[in-house]
Amino acid sequence: MNLLLPAREEMMINDSILCVVDNVIRIKKETCNSEIIFKLKNHLSRENPQYHLMNAMAIKNPRMRYAPLPPRWIESWGEDSESLYIPRGSKEFFEQCAREFSRTIRYFNRTIQYQIDPIFKLKPEYTLVDYQFNSVLSAVSSKEGIICCPCGGGKTMMGIAIATAIGQPTLIIVHTHDLLNQWVGEWAEKTFLPQEVGVVGAGKKNARFVTVATIQTLYNMGGQRAGNSVELDSFLGKFGTVILDECHHVPADSFLQIMNRCPSENRFGLTATPKRKDGKEFLMFDCIGPIISEVQDGDLISAGRSQTAEVNFIK
C-alpha cells in the first residue's frame, strides 16, 4: 500500500516526515532524510543467529556440509518506490533518529478503532492484585507492547482486564487448543459480554465481539501466504485490540506474518519468557514493541501467588 495524502494536508506539513500508521509504519521517502532511512534499514537488518549456528555445525560435521543454510541476514523492513515500511515496534527508534536530525514526524493514524462498549466489563467479584493492576495501567496508556509475567502470575486475567479497560472488539491469538479453551472459559466466567465468546480454530469459525483464534487457522486463511490474503485482512480489520498469548513465538514465520497484518490500534503480547534460545527475540520487539511491564517473582510472592523454595541437601 502506498502512502497517499491529500494535497491540502501536505501543504500544511511541508517540513515534517509524513507517515501512515496501520498494520505497519509507512514512511513517505521524499519527506525523510536519506540518513534516517539508512539508519532505519541498518537497525532493522540483523545477522541471523541460526545461520552462524548451522554454519558452525556444518564445519564440524562433513555430512552437513551441503545442507542449505538459512539466510544470513534478517530484515524487518520493506520498501517500494514511494514508501519505506517498518514494523510498529520500531517507532521509538524512528523518533530517536528524527530527533538527531532535528526533524518532526507527522503521523496519520489509520489503525482500527471502534466506539467503546460500556457493557464490556469484568464481573465485580474478580479484582486485580497490585502488580496486575500496574501492568494493565501500563498497557492501556501505551496502547502496544509486551507484558512479561512469570508462570502463575495471571497473564490471562491481565489480558482480559486490558481488553475490558480499552473496550474495543478484541482478538486473542493462541497457538494450542488447550490455550484456546482456557481463554474461552476465562472470558465466559469473569466478564459480562454482549454475546458469547467467538472461536476461530478447532474446526470452528464464528467471530464475535471477543474472539479467540489459533495462529494455525489464521495462517491458513491466507493459503499459507498470510500476507496476500483478502479474507485474512478483512477478518483482522474487525478488531481494535489484539492480544498475542505466548508472544515469544513471534519470530516464527506464521506468527510474524499474522501480527504484522494486524491494523488494530491496540496490540499486546503476553509472555513469561521473552528470551529465546535462538536469539531472535529482536523480531518480537520489532513487531509488538518494547516491554511495558515486567512482573518479578518477588511480586508474586508478595501477593501470595507464589512462595520461595526451601532447599534441604540430604547426603
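Procedures and definitions
Residues numbered from 1 in each chain as written. Predicted model: local features only at pLDDT ≥ 70, side-chain atom pairs only at ≥ 80, totals over all residues. Heavy atoms only, no water. Phe/Tyr/Trp six-rings, centres within 6.5 Å; stacked < 30°, edge-to-face > 60°. Helix = DSSP H or I, 4+ residues; strand = E, 2+ residues; numbered from the N terminus. Buried < 20%, exposed > 50% of the residue type's maximum accessible area, 1.4 Å probe, protein only. Lys NZ or Arg CZ within 6 Å of the ring centre and 35° of its normal. Pairing = 2+ DSSP bridges. Polar contact = N/O pair within 3.5 Å; in protein donor to acceptor, adjacent residues only side chain to side chain. Salt bridge = Lys/Arg side-chain N within 4 Å of Asp/Glu carboxyl O. Axes fitted to C-alpha atoms, helices over the stretch in contact; angles between N-to-C directions. Parallel < 35°, antiparallel > 145°, perpendicular 65-115°, else oblique. Left-handed = near helix turned anticlockwise from the far one by under 90°. Contact = heavy atoms within 4.5 Å. Core = buried A, V, L, I, M, F, W, Y, C linked by side-chain atoms within 4.5 Å.

Engineer: I'd like a rundown of the packing of aromatic side chains, residues and numbers included.
Structural biologist: Counted by the stated rule, this structure contains three aromatic pairs. Relative to Phe209, the ring of Phe120 has its centre 5.0 Å away and its plane inclined at 75°; by these criteria the two rings are edge-to-face. Taken together, the residues span a long stretch of sequence, with Phe120 in the loop between β7 (104-109) and β8 (121-122) and Phe209 in the loop between β13 (204-206) and β14 (210-214) at a distance of 89 residues. One exposure class covers both Phe120 and Phe209, and it is buried. Centre to centre, the rings of Phe235 and Phe239 are 5.3 Å apart; their planes meet at 65°, and the pair counts as edge-to-face. Note on accessibility: Phe235 and Phe239 belong to one class, buried. Sitting over the ring of Tyr107, Lys91 keeps its end group 4.7 Å from the ring centre. A cation sits over an aromatic face here: Lys123 above Phe192, 5.9 Å from the ring centre.

Engineer: Please set out the pairing of strand β2 (residues 25-28) residue by residue, giving values where relevant.
Structural biologist: In β2, alternate side chains face the same way, and those of Ile25 and Ile27 on one face and Arg26 and Lys28 on the other are all buried. As paired elements, strand β1 (residues 16-21) and β2 share three bridges and run antiparallel to each other. Bridge assignment links Val20 to a residue of β2, and that residue is Arg26. Counted along the chain from β1 to the antiparallel partner β2, the turn is three residues long.

Engineer: Would you mind going over the side chain of Arg26 in detail, with residue names and values included?
Structural biologist: Topologically, Arg26 is positioned in strand β2. Residue classification places Arg26 among the buried positions, given a relative accessible area of 7%. One polar contact links Arg26 to Asn23, side chain to side chain, over a distance of 2.9 Å.

Engineer: Explain the pattern of salt bridges to me, and be specific about the residues and the numbers.
Structural biologist: Overall, the coordinates contain 14 salt bridges when judged by the stated rule. Between Arg46 and Asp286 there is a salt bridge; the shortest N-O distance is 2.3 Å. Placement of Arg46 in strand β3 (residues 45-47) and of Asp286 in helix α11 (residues 281-288) is noted, with a sequence separation of 240 residues between them. An identical accessibility class is assigned to Arg46 and Asp286; each is buried. The salt bridge partner of Glu265 is Lys143, with a shortest N-O separation of 2.9 Å. Linking Glu265 in the loop between α10 (253-259) and β16 (266-271) with Lys143 in the loop between α5 (130-142) and β9 (144-148), this pair joins segments that are 122 residues apart in sequence. The class of Lys143 is partly exposed, set by a relative accessible area of 36%. Ionic contacts of the salt-bridge type, sharing partners, join the residues Lys29, Lys41 and Glu79 into one network.

Engineer: Lay out the packing of helix α6 (residues 155-166) against helix α7 (residues 177-190) in plain terms, naming residues and giving numbers.
Structural biologist: Orientation of α6 relative to α7, taken along the N-to-C sense of each, is 55°, at an axis distance of 10 Å. On the basis of the axis angle, α6 is oblique to α7. Of the two possible hands of crossing, α6 and α7 adopt the one that is right-handed. Residues Lys155, Thr156, Met157, Gly159, Ile160, Ala163 and Thr164 of α6 lie in contact with α7, whose contacting residues are Gln182, Trp183, Glu186, Trp187 and Lys190.

Engineer: Explain the nonpolar core to me, and be specific about the residues and the numbers.
Structural biologist: In terms of nonpolar packing, the biggest core is built from 29 residues, with Trp183, Trp187 and Val212 touching the most fellow members. Broken down by secondary-structure element, the contributors of at least two residues to this core are α5, α6, β10 (170-174), α7, β14 and β16. Looking at this core element by element, the count peaks at six residues for α6. Sequence-distant contacts of Trp183, defined by excluding residues within four places in its chain, comprise Lys155, Thr156, Gly159, Ile160, Ile172, Val174, Val212, Asp245 and Leu270.

Engineer: Summarise the sheet that holds strand β17 (residues 291-294); cite the residues concerned and give the values.
Structural biologist: Taken in spatial order, the eight strands of this open sheet run β13-β12-β14-β10-β15-β16-β9-β17, and their pairing is mixed. Looking along the sheet, the strands with just one partner apiece sit at the ends: β13 and β17. This sheet shows a mean twist of 20° between the axes of neighbouring strands, independent of strand direction. Sheet analysis places strand β12 (residues 198-201) next to β14, joined by three bridges and oriented parallel. Bridge pairing links Val199 to Val212 in β14. Along the sheet, α6 contacts β9, β10, β15 (241-245) and β16; its crossing angle with β16, the most-contacted strand, is approximately 170°. Lying over the sheet, α7 contacts β10, β12, β14, β15 and β16, oriented at roughly 170° with respect to β14.

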